[in-house]
Amino acid sequence: MSTDRVFLEIFKNRVQAIVEEMAGVVLRTGFTAFVKETGDFGTYLLSPKGETFGSPLETGYSLSLGIPAEEVLAAGEPWREGDIVICNDPYTTGAMATHLPDVYLLKPFFHDGRIIAFGLCFIHSSDVGGKVPGSVSPSAYDIHQEGIRIAPVKLYEAGALNEQVLNMFLHNCRIPDQNWGDLRALMAALNRGDKRLAELIARYGPEQIERGIEDLLAYAETRVRQIIADIPDGTYEFWDYIEGGPGGYPVRLRCALIVRGDGILLDFRGTDPQVRASFNIPTLNKQGHYYLVPALTRYFRTLDPSIPWNSGMVRMIGNEAPPASILNPEFPAAVGARASTFIRLMDVLTGALSRAQENKLPAAGAGQAAIVMLAMTDPVSGGRKVGVIQPICGGSGARPMKDGIDGMDFAVGHLRNIPVETVEVDMPVLIERYGLRADSAGAGKYRGGSGIELRLKVLSPDTVLTARNMERIQFQPWGRLGGRAGAHGVALKNAGQAAEEDLGRIDELLLQPGDTVAFLSQGGGGYGSPYERDPAAVLNDVRSGLVSEAAAREQYGVILRAGQVDGEATRLLRAEAPKLTASFHYGEARERFEAVWSDELQLAVGAALAAYPLALRDYLKRRTMAEADRRIAAGEQVRPSDAADIMGEIHRKLLLG
């Protein structure tokens, strides 16, 4: 490393200040609520080779380490000053974009005719066309249903706007004015980043800045390798599920986390094939891809918060995501709801790390970021409105030393809530309740974070509601080391009325004036035995409305009388309670499923699928599982070795018609 250590620390902080300032520009000048309130956007600095060397941590999306920008950089050549590339299509950007609502702008930053860095920004657009308002439908089965696809193309060429490209985008979305406003906010951020980098070059010289970029990346790599070297070598396996895949069967994500020396390999063999739904994550198996590694990078920086937040942190992480799997789908697989899979993947890697580092990782959090959107007619103006009502997250998992965070999961901690007043001004709806959900947190010595309760009333006819990325409706967020699983999620239409309806997972829902929808999100899993929780902490949760008196007794063994802890009765009840020490508590639904569908049986189904064409695999998987379930219900035994025969029989019948 040739850069002076003092300068490197100064440079690190200056780079961080630049990207944070860029993010602040977008936050202050964005048009859509999802940008200016929720903060679903990103502002980054890339090296000339395409590695992220600057990424904000305070504002916007920090999911930026391992962005594969090389193909987009090549598509923009030859670069000239004033060029800006626009794109959103995963399959033509080399998996830089991961679904169509993420619209990227890329600009080269020049000095004396050579590129010193690139500025990269994106906004999550509230609509880019497609079959549903908001462009993301879990039931979409190819990317053509999800909106307009933009391969890398220059929106600006040498400073001149390409109006044909702009109009092509704006004419194919439901909110053209808002999208153009958000794009202009991104351009303002890029110009600010260009200006600030030029100031650094003027102060220190281009050669020192170029060396600083490379050495900042190398420094992060060195620090992370030291952390990995302290993890015992070994192979650590874990899996979890996306619920309600095609045919109603869960979709499994499986990882063997392999630690060797100061490197890690993420082996995803055993993960299910790509699905005929929009849960697929397009990564092209790019090494250290930013949608595969966040659980690791956040863990590393938790242990050492001084590590520079850049792509040097992923240089030593390899991954093996099998072709045509849900983590490496082939065109034209739908990818809109890939956030559901990404969040669950974070749980999978957290679980695998927990096997390697028993006392350092939290329990599972809520495991969802359900984005509730409405498309409706304004009854006053008659105009059409499309907008985000709220991201519905839930509690984080309890930690080895303290409770989980109420109302927010670590996996999606960048998402800000939208103030109720803003929602009601922007959209003809009434928010009847928005608060924490009682008795949702997983019990433990340290309880999980409580989930969220949101209840809204529609005031306009023929309102369409979508709520993508709803998860953990069946399988609960798991607890750790004696801690119990958190509550699963629920969605109800017209709750408390005669016409109450359990909605399960929502794709697209038509509502009329007076209809209500209530979302009750998940609580995080608990950590440690709940019988070891301080009774005073349980009493405080009861007084705060987070735990009922009945739950205090049943889950924590704490007896309350007249609003106080009965110490002797509590001691006696806890003395009779069973010892809770299980490494993981998954909850009844998952335990019941895996009593039939063991790891070995699921692996056997996956191995058998490899013999068939990609277009048939999702169909054959669900038909094979349905036939196995039928035989088991009839009292037959189904062994892993039977999977290939069952599948072959189904395939033969298909060929015979």
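About the criteria used
- In this convention, every chain numbers its residues from 1, walking through the sequence in written order.
- Reporting of local features is limited, given that this is a predicted model, to residues whose pLDDT is at least 70; pairs of side-chain atoms are given and counted only at 80 or more, and all residues count toward the totals for whole chains, interfaces and linings.
- Hydrogens and water are ignored here; the side-chain numbers use all heavy atoms of the structure.
- Two rings from Phe, Tyr or Trp (for Trp, the six-membered ring) form a pair when their centres sit within 6.5 Å of each other. Planes less than 30 degrees apart are called stacked, planes more than 60 degrees apart edge-to-face, and all others tilted.
- Secondary structure elements follow DSSP: runs of H or I of four or more residues count as helices, runs of E of two or more count as strands, with numbering from the N terminus.
- Classification of residues uses two cut-offs on accessible area relative to the type maximum, computed with a 1.4 Å probe and protein chains only: under 20% is buried, over 50% is exposed, and between them is partly exposed.
- Sitting over a ring, as applied to charges here, requires NZ of Lys or CZ of Arg to be within 6 Å of the ring centre and within 35 degrees of the ring normal.
- Per-residue confidence from the predictor is reported as pLDDT, which spans 0 to 100.
- A strand pair is defined by DSSP finding two or more bridges across the two strands.
- Between the N-to-C directions of two axes lies an angle of 0 to 180 degrees, each axis being a line fitted to C-alpha atoms and, for a helix, fitted only over the stretch in contact.
- Contacts are residue-level and defined by heavy atoms, with any inter-residue pair within 4.5 Å sufficient.
- UniProt positions are given in the numbering used here, feature names are shortened, and annotations may be inferred rather than shown by experiment.
- Multiplying 1.5 Å by the residue count of a helix minus one yields the expected span of that helix.

1. Observations concerning the packing of aromatic side chains
Scanning the entire structure with this criterion turns up 17 aromatic pairs. Ring plane angle 70° and centroid distance 4.9 Å describe the contact between F7 and Y204, whose orientation is recorded as edge-to-face. You can see F7 sitting in helix α1 (residues 5-29) and its partner Y204 sitting in helix α5 (residues 176-204), a full 197 residues away along the chain. We classify F7 as buried; its relative accessible area is 7%. One aromatic cluster in this structure is built from F238, W478, F584 and Y586. The ring of W79 carries K154 above its face, with NZ or CZ at 5.5 Å from the centroid. Over the aromatic face of Y141 sits the side chain of R276, whose NZ or CZ is 4.0 Å from the ring centroid.

2. Here we look at the confidence of the model for the protein
On average, residues of the protein carry a pLDDT of 93, and 100% of them reach 70 or more. Across the protein, element-level confidence peaks in strand β3 (residues 84-87) with a mean pLDDT of 98 and bottoms out in strand β13 (residues 384-392) with 81.

3. Focus on the sheet that holds strand β9 (residues 251-260)
Pairing is mixed across the open sheet formed by four strands, whose spatial order is β8-β9-β10-β11. Among the strands making up the open sheet, the edge pair consists of β8 (234-242) and β11 (317-320). For this sheet the average axis-to-axis angle between neighbouring strands, irrespective of direction, equals 20°. Along the sheet, helix α8 (residues 338-356) makes contact with β8, β9 and β10 (263-267), crossing β8 at roughly 150°. Sitting on the sheet, helix α14 (residues 599-609) is in contact with β8 and β9, with an inclination near 100° to β9.

4. Some points on the UniProt feature "domain: Hydantoinase B/oxoprolinase" (unreviewed entry) in the protein
In the UniProt entry, the feature "domain: Hydantoinase B/oxoprolinase" (unreviewed entry) is given for residues 4-530. Along residues 4-530 one finds 25% helix and 24% strand; the C-alpha atoms at either end are 51 Å apart.

5. Thoughts on the environment of P578
Residue placement: P578 occurs in the loop between α12 (567-576) and β24 (584-585). When its relative accessible area of 52% is taken as the criterion, P578 is described as exposed. Linking P578 and V596, residues 18 residues apart in sequence, is a C-alpha distance of 26 Å.

6. Considering helix α16 (residues 643-656)
For α16, which comprises 14 residues, the first-to-last C-alpha distance of 20 Å matches the rise-based estimate of 20 Å (1.5 Å per residue) to within 8%. Along α16, the residues that are buried comprise A643, I646, M647, G648, I650 and H651. Structurally, α16 contributes buried residues whose contacts are with α14 and α15 (614-633). In the stretch just after α16, G657 is the one whose phi turns positive, near 80°.

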